[in-house]
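Each chain, letter by letter, is given below.
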Amino acid sequence: MADEFSTQTSANNTCTARAFAKVNLHLAVGPARPDGFHELVTIFQSLDLADTVRITCAEAESDSSVVSDDSGLHESTPGHSVAHDSPIHGTFVQALTVTGQDSESVPTDASNLAWQAVDAVAAALRAEHTKELALPQVTIAITKNIPVAGGMAGGSADAAAALRAANALFASYAGISALDEQVIHKLAAQLGSDVPFCLHGNTALGQGRGEKLHAVPTSGIYHWALVANAQGLSTPRVFAVFDEIVERDKLVGKQPQKNPIPSETASLAAALQAGDAQQLAGLLRNDLQQSALHIRPDLREILDTGEHAGALAGIVSGSGPTCAFLCADEQAARQVAAEVEKKIAGTRGIIATSPAARAELVES
């Protein structure tokens, strides 16, 4: 999937990129690995619901707006840096702001993945060119449309967009070549399990933590009614409950859990290649759904309401709590979204189609 990306550069001091939400059409989860992650086999598909990330050089052109290797400016927050050999002793981000849907729930410090992505790009550019390379401090402005903590990779999409924008902006500023796609993909995998897919978009089979990607041929357009929830769900908590359920099942003599294998996705991949939404609906799978429903039993009512309203099938998206309903067409999707929103307080219906594109630069 790490194919060529034609990097654009900006003649001004701003670069803007957007990246798209995802839905897991198939999410098979294996037991916890020694590193704490779970072995996954998943088929991701991107949705035409995007966040936008704008990165701008800090206003002042003084020495204080350029971070050099020995500047000592803005010590990195422990525990928030990306794991790489970095010559950076400070952060390149002066400030981060968030507007749009659920913006008050998004961190605006170094725990934000977009912030980490900017610093990761700067470190990689210095490693590739020279550690004395002077780069500007920047501000980051995120416009949210993807539900926060909703199981749709909103934070990962922001990181993917920030990788694209920072790569173009820093390269243009310094008059150097931008990082190639293989390096950007590696940085994405260091930032988070879903970031590589958000970087590449479309439809892909993910393995490992989900970061090892292979393109899945797809035809047709798929219509979705997404039902977001006012209360988010913690992904680590959902995985923790998943592990608790696995251990409980062992105690009652159930078959031990095995690592998932890619061949389990063969029927679903065939449905995607045929463009058959009806067939696809019967093959949706999410091994985290039971855990999400255990924490949030109210999600069962959402799933039941959406299916009774005419969806082909409904599924918890990723770790939840957003529920994704595959529908026959746009009209059916609108009907499902409206019906669930009307009947269940605290929900918000969103219409989307899939697959969407990769993270990409856009006009500022």
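Residues numbered from 1 in each chain as written. Predicted model: local features only at pLDDT ≥ 70, side-chain atom pairs only at ≥ 80, totals over all residues. Heavy atoms only, no water.

In the nomenclature of an unreviewed UniProt entry, the chain is known as 4-diphosphocytidyl-2-C-methyl-D-erythritol kinase of Corynebacterium propinquum. If you open the UniProt record of the chain and go to Catalytic activity (unreviewed entry), you find "4-CDP-2-C-methyl-D-erythritol + ATP = 4-CDP-2-C-methyl-D-erythritol 2-phosphate + ADP + H(+)". A UniProt comment under Pathway (unreviewed entry) is attached to the chain, and it reads "Isoprenoid biosynthesis; isopentenyl diphosphate biosynthesis via DXP pathway; isopentenyl diphosphate from 1-deoxy-D-xylulose 5-phosphate: step 3/6." (UniProt positions renumbered as here; feature names shortened; annotations may be inferred.)

Engineer: Got a sec to walk through the overall build of the chain? Specific residues and values, please.
Structural biologist: Regarding its fold elements, the chain presents 10 helices and 14 strands. Per-residue burial for the chain yields a buried fraction of 53% across its 364 residues. A fraction of 78% describes how many contacts in the chain between residues 6 or more apart in sequence connect residues 24 or more apart. Working note: accessible area of the chain is about 15,400 Å², and carbon and sulfur atoms make up 49% of it. (Helix = DSSP H or I, 4+ residues; strand = E, 2+ residues; numbered from the N terminus. Buried < 20%, exposed > 50% of the residue type's maximum accessible area, 1.4 Å probe, protein only. Contact = heavy atoms within 4.5 Å. Areas by Shrake-Rupley, 256 points an atom, 1.4 Å probe, with all protein chains shown as cover.)

Engineer: Lay out the sheet that holds strand β13 (residues 347–354) in plain terms, naming residues and giving numbers.
Structural biologist: Two pairing modes exist for strands in a sheet, parallel and antiparallel, and in both the strands are linked by backbone hydrogen bonds. Pairing is antiparallel across the open sheet formed by four strands, whose spatial order is β11-β12-β9-β13. In the strand order of this sheet, the two ends are held by β11 (313–316) and β13, each with one partner. On average, adjacent strands in this sheet sit at an angle of 25 degrees to one another, irrespective of strand direction. Sheet topology note: the strand β9 (residues 222–229)/β13 ladder contains eight bridges and is antiparallel. Its bridge partner lying in β13, His223 is registered against Thr353. Along the sheet, helix α10 (residues 330–343) contacts β9, β12 (323–327) and β13; its crossing angle with β13, the most-contacted strand, is approximately 165 degrees. (Pairing = 2+ DSSP bridges. Axes fitted to C-alpha atoms, helices over the stretch in contact; angles between N-to-C directions.)

Engineer: How would you summarise the packing of aromatic side chains if you had to cite specific residues and measurements?
Structural biologist: The tally for this structure, following the rule as stated, stands at two aromatic pairs. With a centroid separation of 4.6 Å and an interplanar angle of 15 degrees, the aromatic rings of Phe44 and Phe197 are classed as stacked. Remark: Phe197 occurs in helix α4 (residues 195–200) and Phe44 occurs in strand β2 (residues 38–57); sequence separation between them is 153 residues. Under the relative-accessibility criterion, Phe44 is labelled buried at 1%. Summarising the aromatic geometry, the rings of Phe92 and Phe170 are spaced 5.9 Å apart at their centres and angled 65 degrees between planes, so their arrangement reads as edge-to-face. Taken together, the residues Phe92 in the loop between β3 (66–67) and β4 (93–100) and Phe170 in helix α2 (residues 154–174) connect sequence positions 78 residues apart. Given a relative accessible area of 1%, Phe170 falls into the buried group. (Phe/Tyr/Trp six-rings, centres within 6.5 Å; stacked < 30°, edge-to-face > 60°.)

Engineer: An account of empty space enclosed by the protein is needed here, citing residue identities and associated values.
Structural biologist: One water molecule sets the probe size; rolling that probe over the atoms shows where empty space is left. Applying the stated criterion across every chain, the model contains one cavity of 30 Å³ or more. When its volume is computed, the largest cavity comes out at roughly 30 Å³. In terms of lining residues, the largest cavity is bounded by Asp102, Pro147, Val148, Ala149, Gly150, Ala228, Asn229, Pro321 and Thr322. Classifying every residue of the lining of the largest cavity by side-chain character gives five nonpolar, three polar and one charged. (1 Å grid on protein atoms, 1.4 Å probe; cavity = no way out; pocket = protein on both sides within 12 Å on 5 of 7 lines; lining within 4 Å. Points joined across faces, edges and corners; volume = space filled by probe spheres on them. Nonpolar A, V, L, I, M, F, W, Y, C, P; charged D, E, K, R; others polar.)

Engineer: Report on the environment of Ala134, specifying residues and quantitative values.
Structural biologist: As for its position among the elements, Ala134 is in the loop between α1 (113–128) and β5 (135–136). C-alpha of Ala134 to C-alpha of Ala174: the two residues are 40 residues apart in sequence and 7.4 Å apart in space.

Engineer: Residue-level account of the packing of α1 against α2, with values.
Structural biologist: At a minimum axis separation of 8 Å, α1 and α2 run at an interaxial angle of 35 degrees. For the pair α1 and α2, the crossing hand works out as right-handed. Two secondary-structure elements touch here, α1 through Leu113, Ala114, Ala117, Val118, Val121, Ala122 and Leu125 and α2 through Gly155, Ser156, Asp158, Ala159, Ala162, Leu163, Ala166, Asn167 and Phe170. Partitioning the contact of α1 with α2 into residue classes produces 12 nonpolar, three polar and one charged. (Left-handed = near helix turned anticlockwise from the far one by under 90°.)

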